Amino acid sequence: MPEPPAPPADTRSPALDLGLRVEQVRGPYRLTPLPTAGGIVFALLLGLVVSPIVGPVAAWTWALAMTGVSLVRIVECRAFEADPDPGPRIERWARRYFFWMVVYGAVWGSIGVLFVPSGQPLLDGVLLATVAGVAAVGVFTLVGVLPWAVVFLSLVLLPSALHHVTQGTEGSRLAWIGLLVYWLLMVLESHRGGQVLREL
């Protein structure tokens, strides 16, 4: 009885694998600075808006923390771009990006717990829209790196969803269901975007 044909060997060289990994990490580093800089402006405006409601200490502590983390991320991105050969250090660069991405996502996600409910339905809606917008931008900057996108989306959206679960009102029920559906859609979009990139 003839033996079944052996599966084709992986002909990719280590150099090719390294090059693909470098490009995978390079994408988020290149796409992050501009939306992060815009996020600083929005964070300061948000601090100004919520300060009369939650108090200046809470509002400006959050806004300054967000600004500080954002500036660190921008500096990190510039440092990566200045590295003439990131290949030998690419996993270290990946860990650094992931760490500051986690911190950034957690700070943005905290607004759904710290500032909601504000007692003003319009402001609560703005805050909900804020985390949704940050999540959408995150999917754009992390396209092609699905595990990072899932972590970022979870940090930004799920704290608000869980907080709304504890409220027990009809409006909060709609909010957390909407956030979970949005989380799922963003994960699927990130997955689809990664597939498109791999096919190019």
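Residues numbered from 1 in each chain as written. Predicted model: local features only at pLDDT ≥ 70, side-chain atom pairs only at ≥ 80, totals over all residues. Heavy atoms only, no water.

### Description of empty space enclosed by the protein
Gaps left between atoms show up when a probe the size of a water molecule is rolled over them.
Right, so step 1: One pass over the structure, following the stated rule, counts one cavity of 30 Å³ or more.
Right, so step 2: Approximately 30 Å³ is the volume attributed to the largest cavity.
Right, so step 3: Looking at the largest cavity, the residues that line it are Y29, R73, E76, C77, R96, Y97 and W100.
Right, so step 4: Of all the elements in the fold, those that place two or more residues in the lining of the largest cavity are α3 (56-82) and α4 (90-109). (1 Å grid on protein atoms, 1.4 Å probe; cavity = no way out; pocket = protein on both sides within 12 Å on 5 of 7 lines; lining within 4 Å. Points joined across faces, edges and corners; volume = space filled by probe spheres on them. Helix = DSSP H or I, 4+ residues; strand = E, 2+ residues; numbered from the N terminus.)

### Overview of the side chain of S154
Right, so step 1: Tracing the sequence through the fold places S154 in helix α7 (residues 146-167).
Right, so step 2: Looking at S154, its side chain comes within polar contact range of the main-chain oxygen of V150, at 2.8 Å.
Right, so step 3: Within polar-contact distance, the side chain of S154 engages the side chain of W183 at 3.1 Å.
Right, so step 4: The contacts of S154, once residues within four sequence positions are left out, are P159 and W183. (Polar contact = N/O pair within 3.5 Å; in protein donor to acceptor, adjacent residues only side chain to side chain. Contact = heavy atoms within 4.5 Å.)

### Points about the packing of helix α1 (residues 14-31) against α4
Right, so step 1: Taken N-terminus to C-terminus, the directions of α1 and α4 make an angle of 25°; their axes are 10 Å apart at the nearest point. Classed by the angle they form, the pair α1 and α4 counts as roughly parallel. Crossing of α1 over α4 shows left-handed handedness. Across the interface between the two elements, L18, R21, V22, V25, P28 and Y29 from α1 touch I90, E91, W93, A94, R96 and Y97 from α4. (Axes fitted to C-alpha atoms, helices over the stretch in contact; angles between N-to-C directions. Parallel < 35°, antiparallel > 145°, perpendicular 65-115°, else oblique. Left-handed = near helix turned anticlockwise from the far one by under 90°.)

### Comments concerning α1
Right, so step 1: Here α1 is 18 residues long and its end C-alpha atoms lie 26 Å apart, about the 26 Å a rise of 1.5 Å per residue gives.
Right, so step 2: All of the buried residues in α1 are V22, V25, R26, P28 and Y29.
Right, so step 3: Packing partners of the buried residues in α1 comprise α2 (33-54), α3, α4, α6 (121-141) and α7. (Expected span 1.5 Å × (residues − 1). Buried < 20%, exposed > 50% of the residue type's maximum accessible area, 1.4 Å probe, protein only.)

### Points about the pattern of salt bridges
Right, so step 1: Counted according to the given criterion, the structure contains six salt bridges.
Right, so step 2: Between R21 and E91 there is a salt bridge, with the nearest N and O atoms lying 2.9 Å from each other. Taken together, the residues R21 in helix α1 and E91 in helix α4 connect sequence positions 70 residues apart.
Right, so step 3: Here R192 ties to E189 by a salt bridge, and the two come within 2.7 Å at their closest N and O atoms. (Salt bridge = Lys/Arg side-chain N within 4 Å of Asp/Glu carboxyl O.)

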